[in-house]
Amino acid sequence: MSAILVIDDSPFMRDRCDEVLSPQGYDIYHASDGLEGVESYKKLKPALVLMDMTMPEMDGLAAVREIMKFDSHAKIVMVSAVG
């Protein structure tokens, strides 16, 4: 099945994504900040990225820009609890 990369500094959100998506047959990978997420994307080339907005090292918008430079067809969904 397809790989999904969850880039979020919240362990709760990463775990919750696992709980929801793994039973559907997806392979779930994690990164805890934008910088790690960009490197993981380059290695994994996942079918989908779930990206938090506010993270240490590199925020979600900067990470999206870097991923899009590497792969202009990347599919990224921004997910945030920030009001």
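Residues numbered from 1 in each chain as written. Predicted model: local features only at pLDDT ≥ 70, side-chain atom pairs only at ≥ 80, totals over all residues. Heavy atoms only, no water.

Caption draft 1: Quick peek at the packing of aromatic side chains. Overall, the coordinates contain one aromatic pair when judged by the stated rule. With centroids separated by 6.2 Å and ring planes inclined at 85°, the aromatic side chains of Tyr41 and Phe70 adopt a geometry described as edge-to-face. You can see Tyr41 sitting in helix α2 (residues 34-44) and its partner Phe70 sitting in helix α3 (residues 60-70), a full 29 residues away along the chain. (Phe/Tyr/Trp six-rings, centres within 6.5 Å; stacked < 30°, edge-to-face > 60°. Helix = DSSP H or I, 4+ residues; strand = E, 2+ residues; numbered from the N terminus.)

Caption draft 2: Representation of the pattern of salt bridges in the model. Taken as a whole, this structure holds three salt bridges when the rule is applied. Arg16 is the partner of Glu19 in a salt bridge, and the nearest nitrogen-oxygen pair spans 3.0 Å. You can see Glu19 and its partner Arg16 sitting in helix α1 (residues 11-21), three residues apart, about one turn around the helix. Assessed through its relative accessible area of 40%, Arg16 is described here as partly exposed. Across the pair Lys69 and Glu66 runs a salt bridge whose closest N-O atoms are separated by 3.1 Å. Of this pair, Lys69 and Glu66 both sit in helix α3, separated by three residues, roughly a single helical turn. Take Glu66: its relative accessible area is 29%, and that puts it in the partly exposed class. (Salt bridge = Lys/Arg side-chain N within 4 Å of Asp/Glu carboxyl O. Buried < 20%, exposed > 50% of the residue type's maximum accessible area, 1.4 Å probe, protein only.)

Caption draft 3: Focus on the packing of α2 against α3. Here α2 crosses α3 at 20°, and the two axes come no closer than 9 Å. With respect to each other, α2 and α3 are oriented roughly parallel. The chirality of how α2 crosses α3 is right-handed. Contact residues: Gly34, Val38, Tyr41 and Lys42 in α2; Ala63, Glu66, Ile67 and Phe70 in α3. When its residues are assigned to classes, the contact of α2 with α3 shows five nonpolar, one polar and two charged. (Axes fitted to C-alpha atoms, helices over the stretch in contact; angles between N-to-C directions. Parallel < 35°, antiparallel > 145°, perpendicular 65-115°, else oblique. Left-handed = near helix turned anticlockwise from the far one by under 90°. Contact = heavy atoms within 4.5 Å. Nonpolar A, V, L, I, M, F, W, Y, C, P; charged D, E, K, R; others polar.)

Geometric descriptors of this kind do not, in isolation, establish any biological role.
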